[in-house]
Amino acid sequence: MGFAEQRFNVNLSILFTELPLLERPAAAAAAGFTAVELWWPWVDSPTPEQSELDALKAAVEHAGVRLTGLNFYAGQLPGPDRGALSIPGEESERFRANIDVAAGFAQSLGCTALNALYGNRVDGVDPADQDALALENLVLAARAADRIGAILLVEALNRPESPRYPLVSAPAAVGVVDRVNAATGLGNARFLMDLYHLSMNGEDLPSVIDRYASRTGHVQIADNPGRGAPGTGSLPLEDLLDRLGKAGYEGWVGLEYKPGDRPSAEAFDWLPR
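Residues numbered from 1 in each chain as written. Predicted model: local features only at pLDDT ≥ 70, side-chain atom pairs only at ≥ 80, totals over all residues. Heavy atoms only, no water.

This part is about the environment of Glu250. Among the secondary structure elements, Glu250 is positioned in the loop between helix H8 (237-246) and strand S8 (253-255). Given a relative accessible area of 70%, Glu250 falls into the exposed group. (Helix = DSSP H or I, 4+ residues; strand = E, 2+ residues; numbered from the N terminus. Buried < 20%, exposed > 50% of the residue type's maximum accessible area, 1.4 Å probe, protein only.)

Direction vectors running N to C along helix H4 (residues 127-147) and helix H5 (residues 170-184) enclose 65 degrees, while the axes themselves pass 9 Å from each other. Taken together, H4 and H5 sit at an angle that is classed as roughly perpendicular. In the crossing of H4 with H5, the sense of the turn from one axis to the other is right-handed. The residues of H5 that touch H4, namely those facing Leu135, Leu138, Val139, Ala142 and Arg143, are Val176, Arg179, Val180, Ala183 and Thr184. (Axes fitted to C-alpha atoms, helices over the stretch in contact; angles between N-to-C directions. Parallel < 35°, antiparallel > 145°, perpendicular 65-115°, else oblique. Left-handed = near helix turned anticlockwise from the far one by under 90°. Contact = heavy atoms within 4.5 Å.)

When two helices pack together, their arrangement is given by the angle between their axes and by how far apart the axes lie. Between helix H7 (residues 205-212) and H8, whose axes approach to 9 Å, the crossing angle comes to 20 degrees. Of the possible angle classes, the one that applies to H7 and H8 is roughly parallel. Of the two elements, H7 crosses H8, and the hand of that crossing is right-handed. Contacts between H7 and H8 involve Leu205, Pro206, Ile209 and Asp210 from the first element and Leu240, Arg243 and Leu244 from the second. Looking at the contact of H7 with H8 residue by residue, the class counts come to five nonpolar, no polar and two charged. (Nonpolar A, V, L, I, M, F, W, Y, C, P; charged D, E, K, R; others polar.)

Let's shift gears to the pairing of strand S7 (residues 216-221). The buried fraction of S7 is high, at five of six residues. When strand S6 (residues 189-194) meets S7, the two strands line up parallel, connected through four bridges. Bridged to Asp194 within S7 is Gln220. Pairing of S7 with S8 involves three bridges; the strand directions are parallel. When the sheet's bridge partners are listed, Val219 is paired in S8 with Val253. Regarding topology, H8 serves as the crossover connection from S7 to the parallel S8, and that connection is right-handed. (Pairing = 2+ DSSP bridges. Right-handed = clockwise from strand over helix to strand, strands pointing away.)

To continue, consider H7. Every buried residue of H7 is listed here: Leu205, Val208, Ile209 and Tyr212. End-on, the buried residues of H7 take up no more than an arc of 100 degrees, which puts them together on one face. Where H7 is buried, its residues contact H5, S6, helix H6 (195-200), S7 and H8. (Arc of directions from axis to C-beta.)

Let us now look at the layout of surface pockets. Considered as a void within the structure, the largest pocket measures approximately 310 Å³ in volume. Forming the boundary of the largest pocket are 18 residues, of which Trp39, Leu77, Arg82, His197 and Arg227 lie nearest the centre. Within the lining of the largest pocket, the residues separate by chemical class into six nonpolar, six polar and six charged. In this structure, the second largest pocket occupies an estimated 160 Å³ of space. Lining the second largest pocket are Gln6, Arg7, Phe8, Gly32, Phe33, Thr34, Trp252, Leu271, Pro272 and Arg273. Residues that form the lining of the second largest pocket fall into these classes: five nonpolar, three polar and two charged. (1 Å grid on protein atoms, 1.4 Å probe; cavity = no way out; pocket = protein on both sides within 12 Å on 5 of 7 lines; lining within 4 Å. Points joined across faces, edges and corners; volume = space filled by probe spheres on them.)

Structure below.
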């Protein structure tokens, strides 16, 4: 199969960031992509003005690309935060305020995958209390996603770069997926399999794929070390994606890597045309 057989989209929160947000969809289209994904674009506001939402919607539509993935509000990302939904107090409230906004924006563009980052552990707070709060908020998010015909994604990150994030293995993230599905009965929570993060954790990637491909709602890639484009590190990404396809995964593969010291438009030379 190989790279030519995959459906790639480009994450506009890590690639094309040298451009203003509203110019990135067109840049992705010019680079040959038909689909894009985003972290929550307004890091300072879970509830931006309608005019901001409308402007981004128009930019995506005018570029002729699909929005296939969107994060719920996750705090300062990039930055020190790794999500908001398990953080007691103001951050949890900001996440809840964002749920219907993010779901509404996703629905307006036909986006059917919403990613909810779990959030870091907080000093002085019982992890069990954080996990209980997380489940409450993930249930709300799953129900909102279900109302627009979308799935809810739960992502494992990596311990070296996110040492306070509790979901730093595939089993940990899938365990949360199971708890959300049990609580809602909807079955729309799914695993976000980011091969870069899992490799940074030292996981056996072929085993993870064989075990969890059927539970996976989205896949993201970057090479390791360095989180660069495929071919800049040592991960056998082509083989791993072939294995995912043989295991039944037919969804998008998100390109969530750093372009390095070159314009993003030049960071796709590995990709067959």
